[in-house]
Structures are given as structure tokens and as C-alpha cells.
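Examination of the molecular architecture
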Amino acid sequence: MDYSKLLKKSGKTAKTVLVHCLQFGDTGKGKFVDFITSVWACIIVRATGGSNAGHTTCVNGKTSTNHLVPSGIVGDAEGKATVIGSGTAINPPDLTNELKILDLNKQSYNNLRIAYNAHLTTPAEIVMDRVLEVRAGKGKIGSTGKGIAQTYSDFIGRQGLILGDIINPNVFNVKLKRQLDYYRQILEGFDPELIAQIMNQESLGSGFYHSRPYMFDHEAIYEQYLVYGRELKPMISDTDAYIRSELGKSNILIEGSQGDLLDIEFGTYPFVTSSSCTVPGMARGCGLDMRDVDLSLGIFKGPIMSRVGCGPFVTEIGGEESDLWCNGGKANREMEERLYPDVTVNDSNEFRQGLAIRRIGKEYGATTTRPRRVGWLDLPSLRYSLELRFNSKNTIMTKVDVSNELKEINVCTQYEYQGPDYSFGDNRVLRYGARLNVAYPREEILRYCKPIYTTFPGWECSLEGCKTYDSLPQKLRQIIDPIIIMTSMNLRAISIGPDREETIIL
Ligand code: IMP
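In this report, we go over the structure that sits alongside the text. (Residues numbered from 1 in each chain as written. Predicted model: local features only at pLDDT ≥ 70, side-chain atom pairs only at ≥ 80, totals over all residues. Heavy atoms only, no water.)

This next bit is on the sheet that holds strand β9 (residues 112-115). Read across the sheet, 10 strands follow the order β14-β9-β7-β4-β15-β3-β16-β19-β25-β26 without closing on themselves; strand pairing throughout is mixed. At either end of the open sheet lies a strand with only one pairing partner, and these are β14 (236-237) and β26 (503-505). With two bridges connecting them, β9 and β14 associate as parallel partners. From the neighbouring strand, isoleucine 114 faces β14, where its bridge partner is isoleucine 236. Set on the sheet, helix α8 (residues 239-246) makes contact with β4 (43-46), β7 (81-84), β9, β14 and β15 (252-255); between it and β7 the angle comes to about 135°. (Pairing = 2+ DSSP bridges. Helix = DSSP H or I, 4+ residues; strand = E, 2+ residues; numbered from the N terminus. Contact = heavy atoms within 4.5 Å. Axes fitted to C-alpha atoms, helices over the stretch in contact; angles between N-to-C directions.)

Structural data, given as C-alpha cells:
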């Protein structure tokens, strides 16, 4: 397979490549990062988000999941460098646990560098994140509970901590005290039992950081985080400067996390993550400018896509029933298998059909194990992502094989707006019955959008052994061709299975 074709732009091989997701994350970036690493990249960078992400790779039949460490870590043993950049949010217990798992798996991370100025996630921020989710009740975001929203809010609010603080004890002491005083005041208005319950969770030290009269035990947090600091210190450095010094010299791969529709500025607000996970944010998150990126590849899943967590999902199979089930807080893969052993992907009941597709696609959160909501490919939202000025039209379609057994495939080509008048100002009003080719990423609009589908016959066979576009079943090509035309994308590759080899480069 000629991977080098994928990395060319205007006939020239790019030096800095960025792989990102055009949808809601979980589109299989890990697989492409892994194989671009194996054939080309020298430096692999994770630039935004935190341990809310989960990147799964499958090499030689062995599956592994990374959260903060770049998926490109598989190349470490060959001397490739991996970087966790300054735009990321680092929760030291999560990161050190991940490193322990790498140790257990005998996976080298000798060449891992971590930005001293990455955002530090603290216990107080995690508590706040979880308290707010409980308080929001039905309006919850479906956060991963990793403190991401608070970490980035504190940064914007000019009171964030950085990773480098925990290797500078005096600086850390002062900043931590200031932060804990602030959160104590804010959290005083909340139920102390709820706070105690959250602080007793294992991921928050099982109560180790909790102090009844003062809420947070400054000493306990301070001492423990200095221990993390000592552990991480050999890997901590000024990675922004390092990346800049390698720009144009080494092959740099920036590995996206989350997706455009989850981006804090451009996503389906407020049901988004709190980092800037579009191309400019990722470039900034490792000390670069987006103009430094020679080639960006936008990944999307189709003809089945997914969303994990709450928020609008116009093409969800099983609609509200699926949303409630997936976000109810109890469902997981084992429970679904026990309660619904016999569902099929062609079930006439949409909720059951969605369950079966999820099972085949292994669509369960890599970080939270929550069931991912599944739905039909949504072209208005894909067009929206592709129209963002900083995105290129170069795309990769993934997980096509998940739909192998479907008798019929729906593709959403437009939305019909069925809500009250919505004014954009400037005499522009969205009225009931309007057809939309391009999504507006606002919850208050999307909640009233109904999908308009074109239905295609499924190809109903395995894609094993397909190596070229022409060798794909004709019925599948008859779905992909119109998708390319209707979105004006430049489709560069199609993934038809988890292994590196199960890829068609166009
Ligand atoms: P947070 O990032 O934990 O604050 O979660 C905010 C929203 O983003 C929730 O709906 C999460 O499910 C979603 N989210 C965060 N990270 C990922 C990811 O890596 N893949 C998919 N969804 C994510």
C-alpha cells in the first residue's frame, strides 16, 4: 500500500501534518496516527484536550488505548519522539497511571516530552466539574468528569495552574492556596455531602484530599502533587520551543483529539468540550501557527457516525430513546448484551437497530465505557465542518465496514427546521419548514432540526481483501460517490477495518 500518496499536497510531501476529526470525536484517528507514524512521522504531538480523550489503535491484532499519551507512542522504540503539548490539560494521576500501563505492556516512552506550560488539572477543578454536572440534572453536558471544563475556564479566568508548577514547590504552594481558597468559597454553596461523596471517589484519592472543615486538604494535595512532579520531571520541558526548532526539518504529525463539532468555539455549543480542538487550536497547542501545518486530514465516520455524551444529534438512530439510554448513567456494553442479546442491525425497531450497530461498531467510550449514540451520516454537519475556513477538503472516511450487514443505508442530505422563528439579526430569520444544507452548530436550533434522508441499498457483504476503490462493492461506491459530490470533499482514504492494512488510499 502506498501511504506516501496520502501525505502529499500539490505533489510535494508535507513536513507537518495534522489529523483531526470533522465530527464528534472517536472517528478512528488513532489508526491513522499509528500508521502515519510507522511510515513517515519522526515527532508525534498531542496538542489539546486531556484524559477525556481515548485513542484506540490496533497493531498486529493487539488493541491499546491511550488517553493523554499520543497514539504515536508505538513508534517510541524506533527513536521517534512523542510530545504532550502546551495546549493539553494534564491530570497527573491519570498521566502517571497511563505511564504505568505502558510499563506493564513493556512499551517504551523514553522519548516522551511533556510541556512544562501545559494546563494542570487539579482535584478542586475535578470536584467542581462533577458537582456542576450533578447540579445540571437533565441539562448536563455528559462530561467525562475529568475536570476539563474547569481547567480551561480557570486558564481563561487567569487563575490556572501549569504542569511546571508541581516541579517548583514554592510557586505551586502559593498558586494552590489561592485556587483552593477560591473553590472553597464557591463550593460552600453546594451540598457538603455531595462534595464528600465526589471526593471519596477513587479517581480523587478516595477521600485523601478531603478535609471536613476546610473542604480541601492543602497539605495532602501539595505533597502528593510534588510526588507526581518528581515522577514526571525527567520528561517535562519547553516543548513549544522544541517543536518550533524541528519545524521544516523533521516530519511532525499533530494528532487531533475530540472533533470539530465538540470544539469550544465552533462545536454544538454548549454541548462541547472546553478546549480548542480545531486545526488552529491544535497548532497553537504545540507552539505553532496553523500556517505551519502543510497538510490537514479531516476524518469522518460513515455511513454510521456516533456521538458520546449529551447534546443534539439530528440523525440519531432510536432518537430520544437512545439518547436517554446512553446518557442515563447506567448502560454499558455488558448490560446491553445481557438485556438485548438478540438485536440485529436490520431491526425494524430503531432503538434496537441502534444497539446492534453499536455492538458491531464497538461504539463504547474508550474513556468512560459509556455507550456511544449512533446515527446516520449527517451531511449538513459535515458540510459545516468542511466549510470552516481553516479546514482543508482532504478527508478520510472510516469504519465503513461497520455497515456491511445493513440492508438499507440512510444518508441525511438536509435538515428541515421545525422550530419557532429564530433571528440571526440583519433581517435573517429561520422559519418553520426551512430546509438547511449546512448545520448551525447551536443547540437551540439543532434541537428542532429533522433529518431528510436519501436511502441507498446496502452492499451486504464483507469488504475483506478490497485494496482499491474499484474493488469495493458497486453499491458502496454508489453511496460514497454522491457523498463526495454533495460535500465537495477530496476523499483521500477509506478505512475498512481496524488494522493498518485495511485501508484504501485514493
Ligand atoms: P468534557 O470534555 O469531559 O468536559 O466533556 C464534554 C463533552 O465532550 C461530553 O459530551 C463528552 O462526552 C465529550 N467528549 C470529550 N472528550 C471526548 C472524546 O475524546 N471523544 C468523544 N467525545 C468526547
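On we go from here.
Before going further, it helps to spend a moment on the sheet that holds strand β8 (residues 89-90). With mixed pairing, three strands are arranged side by side in an open sheet as β8-β10-β11. Of all the strands in the sheet, the pair left with one neighbour each is β8 and β11 (161-162). Taken together, the two bridges between β8 and strand β10 (residues 119-120) define a ladder with parallel strand orientation. In the strand pairing of β10, alanine 89 is matched with histidine 119.

So, about the nonpolar core. Across soluble globular proteins, you tend to see nonpolar side chains buried next to one another. One finds Leu95, Leu99, Ile114, Val127, Phe172, Leu187 and Phe216 to be the most contacted residues of the largest nonpolar core, which totals 45 residues. Considering each element in turn, this core owes the most residues, seven residues, to helix α7 (residues 218-232). When sequence neighbours within four positions are dropped, the list of residues in contact with leucine 95 reads Leu68, Val69, Ile84, Ile90, Ile114 and Leu232. The next biggest cluster of nonpolar side chains, apart from the first, holds 41 residues, and it includes Leu406, Tyr469, Met489 and Ile504. (Core = buried A, V, L, I, M, F, W, Y, C linked by side-chain atoms within 4.5 Å. Buried < 20%, exposed > 50% of the residue type's maximum accessible area, 1.4 Å probe, protein only.)

Side chains Ile43 and Val45 of β4 all project onto a buried face; the interleaved residues Ile44 and Arg46 project onto the opposite face, where all are buried too. Summarising the sheet, β4 and β7 pair through four bridges and their orientation is parallel. Residue pairing across strands places isoleucine 44 opposite threonine 82, the latter belonging to β7.

Here we come to helix α2 (residues 92-104). With 13 residues, α2 should reach 18 Å at 1.5 Å per residue; the first-to-last C-alpha distance of 18 Å fits that figure. For α2, the full list of buried residues reads Pro92, Pro93, Asp94, Leu95, Thr96, Glu98, Leu99 and Leu102. One or two positions beyond α2, positive phi appears at lysine 106, with a value near 55°. (Expected span 1.5 Å × (residues − 1).)

Near the ligand you find 17 residues, and of these Asp26, Asn52, Thr144, Thr273 and Arg370 are the closest. Contact distances for the ligand include 3.0 Å between an oxygen atom and a side-chain N or O atom of arginine 370. Surface burial for the ligand is 97%, taken as the share of its 470 Å² of free accessible area covered by protein chains. (Near = heavy atom within 4 Å. Polar contact = N/O pair within 3.5 Å; in protein donor to acceptor, adjacent residues only side chain to side chain. Areas by Shrake-Rupley, 256 points an atom, 1.4 Å probe, with all protein chains shown as cover.)

The interhelical angle for the contact between α2 and α7, taken along N-to-C directions, is 40°, at an axis separation of 10 Å. Between α2 and α7, the angle is such that the two are oblique. Between α2 and α7 lies a crossing of left-handed hand. Contacts between α2 and α7 pair Pro92, Pro93, Leu95, Thr96, Leu99 and Lys100 from the former with Tyr225, Tyr228, Glu231 and Leu232 from the latter. Residue classes in the contact of α2 with α7 are distributed as seven nonpolar, one polar and two charged. (Parallel < 35°, antiparallel > 145°, perpendicular 65-115°, else oblique. Left-handed = near helix turned anticlockwise from the far one by under 90°. Nonpolar A, V, L, I, M, F, W, Y, C, P; charged D, E, K, R; others polar.)

These values are about where atoms sit, not about what they do.
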